Amino acid sequence: MSDKIMACRCEDVTVHEIEEAIARGHRDLESVKRYTGLGTGWCQGKQCARLCAALLVEKGGEPPSSPITPRPPYRPVSLAHLAQLSLQKERGG
Amino acid sequence: MTDALGGHAEVIVIGGGIMGLATAFNLAKLGQKNIVVVEKSYLCSGASGRNGGGVRAQWSSETNVRLMKESVALCSEFATQMRINVWFRQGGYLFVARNDARAKDLEKSVELHKAHGLRTRMLDAKQAKEVVPELDASRIVAASYNPDDGVVFPWPFVWGYARACAELGVAIHTLTEVRELLTEGTRVTGVVTSRGTLKAPLVINATGAWSPEIARMVDVTLPNHPHRHEICSTEPLKPFLRPLVADLSNGLYFSQSMRGEIVGGIANDHVPDGLNQESSPLFLQLYAQALTETMPILGSVRVLRQWAGAYDITPDGSPIVGFIDEIEGFYQICGFMGHGFMMAPIMGKLVAEHLLGKSTDPIFEHWNLRRFREGKLVPETMILG
Ligand SMILES: Cc1cc2nc3c(=O)[nH]c(=O)nc-3n(C[C@H](O)[C@H](O)[C@H](O)COP(=O)(O)OP(=O)(O)OC[C@H]3O[C@@H](n4cnc5c(N)ncnc54)[C@H](O)[C@@H]3O)c2cc1C
């Protein structure tokens, strides 16, 4: 059954895959993320990280001290937009 | 995780990155018993979990061409031997030159590649556009292309080594930090960790950008230093981009992963030296400007995530490998700049052979720390970032 439940919809990670990662000894959220790829897609974990953290604790893993390291940008931004930034001068050499 | 650590091992590897794990795996495979890997954080937390996964045999120095040719071959066997999908894709590397001087450098490398049996060839702008039709070829005078270079997905690569290590009886302790090295006279005898003291006659420093900190514990000054390198990936796209494209003039590189994302980075001179794994908006600007100039069609593609890791920079661009003359039993495998991931398969193998007295490869002479004292540097110029 758990092989049919999606935990991370962006990267197609199922609850079963997370259970398997935990069974293989990945006991902290950062490792499970890097083993399954959860939280690395479109929403960057905004939808799945909580569920996965809860699952991890339920299965005996380490309670995460923080959600997975949040990666900028907050929302997807186009390269054309980013190319128009002009931060260089402010920073100096 | 928090239980105490103690006792004796034969070999202690400090650092659970790709270098430490590849070394431990190859040692165990050759029959070495009682190996312990000590990692202060989780696996994939260092540069080995943060890199672009580029794997190429196109280099400017004979040594790197020779070693990387073997490493690419090892990468293509990795999935079947380690029973893990590492998403290896041989779409080639396309090095573009924007001026004649750079084109001449590439030509020289291509001659070297041919002598080593690589399929690298020089392309003019039109031919480069045949490989990547979306390139703005008006900005390119020539390119070198090796269709056998490729990219991997770094995470499963690390897990592959970790699992194989465990199967061969290597103990891997994560969330365990080395805080002191133990010595008796001029010989290293073990490590003091956050979880207790572990003794061993051989201690391997495989901590990458952190390696100068470890060496300093026995008053050895390494000449390498950490430097932040940033990278990002976009939303996934249908596969269209065959090679990894690299521009040595500004350090821009980008490729399409097997997951469909465009993954890439760029050199950034504004970054001060030091250990810093935070990402900056300035990087996104520099990368986006260079990328949309090179591939205008990518303007509408959105960046999903950016992150950073530490390059492990040496003064001559070559790594530091081998025993330290002053401290018996203390071995270095560090200083791999921004290309240590691709070198790990071959380096793990050679270092294990070296440690067991089975390799006489000239790198163990040329890449030893003592070269800096003797003034015999080993330059490499095809460095990205
Ligand atoms: C953004 C980026 C892109 C890159 N792109 C590429 C690429 O395309 N191709 C390529 O081949 N290479 C690339 N590299 C370089 C490559 O990632 C590194 O050369 C390689 O991963 C180095 O491996 P390592 O095992 O030496 O170091 P690391 O992976 O950094 O491992 C060192 C480990 O030591 C641990 N450690 C540190 N101090 C201690 C201590 N006191 N006790 C215990 N453990 C400790 C750290 O936590 C870390 O896990 C890139 C690097 C970055 C940052």
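Just so it is clear, the model here is predicted, and its values are computed rather than measured. (Residues numbered from 1 in each chain as written. Chains lettered and ligands numbered in written order. Predicted model: local features only at pLDDT ≥ 70, side-chain atom pairs only at ≥ 80, totals over all residues. Heavy atoms only, no water.)

Looking at this structure, how should I read the packing of helix 1 (residues 18-29) of chain B against helix 5 (residues 154-167) of chain B?
Two measures define how a pair of helices packs: the angle their axes make with one another and the distance between the axes. Residues and elements named next belong to chain B. Relative orientation of the contacting elements helix 1 and helix 5 amounts to 35°, with a least axis distance of 9 Å. Like other packed secondary-structure pairs, helix 1 and helix 5 cross with a definite hand, here left-handed. Contact with helix 1, carried on its side by I18, L21, A22, A24 and F25, involves F157, V158, Y161, A162, A164 and C165 of helix 5 and no other residues of that element. Residue composition of the contact of helix 1 with helix 5, by class: eleven nonpolar, no polar and no charged. (Axes fitted to C-alpha atoms, helices over the stretch in contact; angles between N-to-C directions. Helix = DSSP H or I, 4+ residues; strand = E, 2+ residues; numbered from the N terminus. Left-handed = near helix turned anticlockwise from the far one by under 90°. Contact = heavy atoms within 4.5 Å. Nonpolar A, V, L, I, M, F, W, Y, C, P; charged D, E, K, R; others polar.)

I keep staring at the pattern of salt bridges and nothing clicks. Help me out?
If charged atoms from side chains of opposite charge come close, those side chains can pair. Residue and element names in this part refer to chain B. Under the definition given, this model contains 22 salt bridges over all chains. Linking D361 and R66 is a salt bridge whose minimum nitrogen-to-oxygen distance equals 2.8 Å. Residue D361 is found in the loop between helix 8 (340-355) and helix 9 (363-366), and its partner R66 is found in helix 2 (residues 62-82); the two are separated by 295 residues along the sequence. Looking at D361, the relative accessible area reads 13%, which means it is buried. Residue R66 is classed as partly exposed on the basis of its relative accessible area of 26%. Three or more residues are tied together by salt bridges with common partners; here these are D325, E326, E365, R370 and R373. (Salt bridge = Lys/Arg side-chain N within 4 Å of Asp/Glu carboxyl O. Buried < 20%, exposed > 50% of the residue type's maximum accessible area, 1.4 Å probe, protein only.)

For this particular structure, what's the right way to read the interface of chain B and chain A?
Accessible area lost during the coming together of the parts is what is often quoted as the interface size. Each partner contributes to the interface: chain B provides 36 residues, whereas chain A provides 34 residues. A buried area of about 3,100 Å², summed over both sides, lies between chain B and chain A, and 61% of it is on carbon and sulfur atoms. Applying the counting criterion to the chain B and chain A interface returns one salt bridge. Applying the counting rule to chain B against chain A returns twelve residue pairs in polar contact (both at pLDDT 80 or more). Going through the elements one at a time, helix 5, helix 7 (281-294) and strand 17 (302-313) of chain B are the ones with two or more residues in the side of chain B that touches chain A. (Buried area = accessible area lost by both parts, 1.4 Å probe. Polar contact = N/O pair within 3.5 Å; in protein donor to acceptor, adjacent residues only side chain to side chain.)

Explain empty space enclosed by the protein here, please?
Here the idea is plain: a probe the size of a water molecule rolls over the atoms and shows the empty space left. All names here are of chain B. Under the defined criterion, the tally for this structure stands at two cavities of 30 Å³ or more. Computed from the structure, the largest cavity encloses a volume of approximately 320 Å³. Along its surface, the largest cavity is lined by 23 residues, and F153, P154, E261, V263 and W307 are the ones closest to its centre. Of all the secondary-structure elements, those providing two or more residues to the lining of the largest cavity are helix 5 and strand 17. In the lining of the largest cavity, the residues fall into nine nonpolar, eight polar and six charged. By volume, the second largest cavity is sized at about 40 Å³. (1 Å grid on protein atoms, 1.4 Å probe; cavity = no way out; pocket = protein on both sides within 12 Å on 5 of 7 lines; lining within 4 Å. Points joined across faces, edges and corners; volume = space filled by probe spheres on them.)

Looking at this structure, I do not really get the site of the ligand. What am I missing?
Residue and element names in this part refer to chain B. Of all residues adjacent to the ligand, which total 38 residues, the nearest are E39, S48, G54, G340 and M342. Note that an oxygen atom of the ligand is positioned 3.0 Å from one of the backbone N or O atoms of M19. One of the backbone nitrogen or oxygen atoms of G53 is found 3.4 Å away from an oxygen atom of the ligand. Protein contacts shield 97% of the accessible area of the ligand, which totals 1,000 Å² for the unbound molecule. Taken together, the residues that form the shell around the ligand break down as 17 nonpolar, 17 polar and four charged. (Near = heavy atom within 4 Å. Areas by Shrake-Rupley, 256 points an atom, 1.4 Å probe, with all protein chains shown as cover.)

Please clarify how the layout of surface pockets should be interpreted in this entry.
Estimates place the volume of the second largest pocket at around 510 Å³. Taken together, 25 residues form the lining of the second largest pocket, with R24, G25 and H26 of chain A together with L43 and W159 of chain B sitting closest to its centre. Per-element accounting of the lining of the second largest pocket gives the leading share, five residues, to helix 5 of chain B.

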